[in-house]
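A structural walkthrough
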Amino acid sequence: MDVAHAASAAFAAESASAPEPADTAVTVDLGPAPATVRAMEMEITLPDEVPVMTLPEVAFFPQALMPLHIFEPRYRAMLRDVLATNRLFAIAGIDAKRRNNLGALEPSHRIASVGIVRACQANSNGTSNLLLQGLCGVEIPAILTDEPYRRIHVRALSSLPGATADENETL
């Protein structure tokens, strides 16, 4: 069984036995320790660097779910590595204003979101379908490498609470 099938089977087993969480709030601790994200009753420590997928005209937010079809060889390699480790990678939009700069390969916006692979299905042709859940917004201070896929240094961004529950109820 390959990594994607094993991860998908593990996710399915975990989902079947775990009760639905009532609270899926995401918080980020920006203290001296690495940022910690609480999602669905688990803590996830945000590493200093993560792989990133740059996509045109995309916005990915914390707690949002994004289905993705992985077909490019670089992203297939990225997915294999992500599933074998912490299941985390970022989604960044391509900065159209900098796209035509010479030497700029898929220039990303400086703000992205890190997500966790919640489910992944490998296809017989080597592609994969996955569901990524946003965990937190991040700043991209530096691109570390583009080979074999892009890896970025990240710094977690704090999220301020929006409206109160009572204010939301009046909407």
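Our structure's up above, just so we're on the same page.
These lines cover the structure that appears in this document, whether it is placed above or below. The residue numbering used here restarts from 1 in each chain and proceeds along that chain's sequence as written. Where local features are concerned, this predicted model is filtered to residues with pLDDT of at least 70; where side-chain atom pairs are given and counted, the filter is 80 or more; whole-chain, interface and lining totals use all residues. Hydrogens are left out, water is left out, and the side-chain values use all remaining heavy atoms of the structure.

What follows concerns the nonpolar core. In these notes, a set of buried Ala, Val, Leu, Ile, Met, Phe, Trp, Tyr and Cys residues joined through side-chain atoms within 4.5 Å is what counts as a nonpolar core. The buried label applies to any residue whose accessible area, calculated with a 1.4 Å probe on protein chains only, is under 20% of its type's maximum; exposed applies above 50%, and partly exposed to all values in between. Among the nonpolar cores identified, the biggest contains 18 residues, and Met53, Leu68, Phe89, Ile91, Val117, Leu130 and Leu132 are the most heavily contacted of them. Numbering of helices and strands runs from the N terminus, with a helix taken as a DSSP run of H or I at least four residues long and a strand as a DSSP run of E at least two residues long. Of all elements in the fold, only β4 (65-70), α2 (73-84), β5 (88-93), β6 (111-122) and β7 (128-145) reach the threshold of two or more residues within this core. If you tally residues by element for this core, the top one is α2, at six residues. In this description, contact between two residues means that some pair of their heavy atoms is separated by no more than 4.5 Å. Excluding anything up to four places from it in sequence, leucine 132 contacts Phe60, Ala64, Leu65, Met66, Leu68, Phe89, Ile91, Gly115, Ile116 and Val117. Counting 17 residues, the second largest nonpolar core, distinct from the first, contains Val114, Val138, Ile140 and Ala156.

As a further point, take the pairing of β4. Residues Met66, Leu68 and Ile70 line the buried face of β4, whereas the alternating positions Leu65, Pro67 and His69 sit on a face that is not buried. Where β4 lies against β7, six bridges are found, and the strand directions are antiparallel. Counted as the bridge partner of histidine 69 is asparagine 129 from β7. When DSSP finds two or more bridges between two strands, those strands count as paired.

Here a cavity is any set of points on a 1 Å grid over the protein atoms alone where a 1.4 Å probe fits but cannot get out, and a pocket is any open set with protein on both sides within 12 Å along at least 5 of 7 lines; a residue lines the site when it has an atom within 4 Å of a point. Grid points are joined across faces, edges and corners, and a volume is the space filled by probe spheres set on the points. Within this structure, the stated rule accounts for one cavity of 30 Å³ or more. Of the voids in this model, the largest cavity is the one considered here, and its volume is about 40 Å³. Surrounding the largest cavity, Thr54, Arg74, Leu105, Glu106, Asp146, Tyr149 and Arg150 form its lining. By the convention adopted, Pro, Cys, Tyr, Trp, Phe, Met, Ile, Leu, Val and Ala count as nonpolar, Lys, Arg, Asp and Glu as charged, and the other residues, Gly among them, as polar. Across the lining of the largest cavity, the residue classes tally to two nonpolar, one polar and four charged.

What follows deals with the pattern of salt bridges. The working definition used for a salt bridge is a side-chain nitrogen of Lys or Arg within 4 Å of a carboxyl oxygen of Asp or Glu. Taken as a whole and assessed by the stated rule, the structure comprises six salt bridges. Between arginine 74 and glutamate 72 there is a salt bridge, with its nearest N and O atoms 2.8 Å apart. On the basis of relative accessible area, glutamate 72 is assigned to the partly exposed category, the value being 28%. One salt bridge in this structure joins glutamate 139 and arginine 155, with 3.2 Å as the shortest N-O distance. In this pair, glutamate 139 is assigned in strand β7 and arginine 155 in strand β8 (residues 151-156), connecting sequence segments 16 residues apart. The exposure class of arginine 155 is partly exposed, given its relative accessible area of 43%. If you follow the salt bridges from partner to partner, you end up with Glu72, Arg74 and Glu106 in one network.

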